Amino acid sequence: MEFFWFWILILILLIAIAGAPGWGYTRDRWPYRYGGRYRYYPSAGAGIIAALILLLFWMGIIAITLPWATTPMVVN
């Protein structure tokens, strides 16, 4: 399980770094220039993609580990 948490942390850090705006020119770019709800579109899109990646990653971990899980021993 430690292996899983390590790679989840690395994945989240990569998403956070990729989603960080370039501070020098972001203010003058399309979604931020218009104000209103348009400003939130890039971060909402990044959040949805990050959640989808985490969901698919989690489902993949479950699909890989569940079939090989041992059955509990019944002691009479």
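Residues numbered from 1 in each chain as written. Predicted model: local features only at pLDDT ≥ 70, side-chain atom pairs only at ≥ 80, totals over all residues. Heavy atoms only, no water.

Trainee: In this structure, what is going on with the overall build of the protein? I would like to understand it.
Mentor: Across its full length, the protein carries 3 helices and 0 strands. In sequence order, the secondary structure elements of the protein are arranged as α-α-α. Relative to its 76 residues, the protein shows a buried fraction of 8%. For the protein, the computed accessible surface area is about 6900 Å², with 73% contributed by carbon and sulfur atoms. (Helix = DSSP H or I, 4+ residues; strand = E, 2+ residues; numbered from the N terminus. Buried < 20%, exposed > 50% of the residue type's maximum accessible area, 1.4 Å probe, protein only. Areas by Shrake-Rupley, 256 points an atom, 1.4 Å probe, with all protein chains shown as cover.)

Trainee: In this structure, what is going on with a nonpolar patch on the surface? I would like to understand it.
Mentor: Judged by side-chain polarity, Trp30, Tyr34, Tyr38 and Tyr41 come together as a nonpolar surface patch covering roughly 490 Å² of accessible area. By secondary structure assignment, the location of Trp30 is in helix 2 (residues 30-34). Since its relative accessible area comes to 45%, Trp30 is described here as partly exposed. (Patch = residues over 30% accessible without salt bridge, like charges linked within 9 Å, V, L, I, M, F, W, Y side chains within 5 Å. Salt bridge = Lys/Arg side-chain N within 4 Å of Asp/Glu carboxyl O.)

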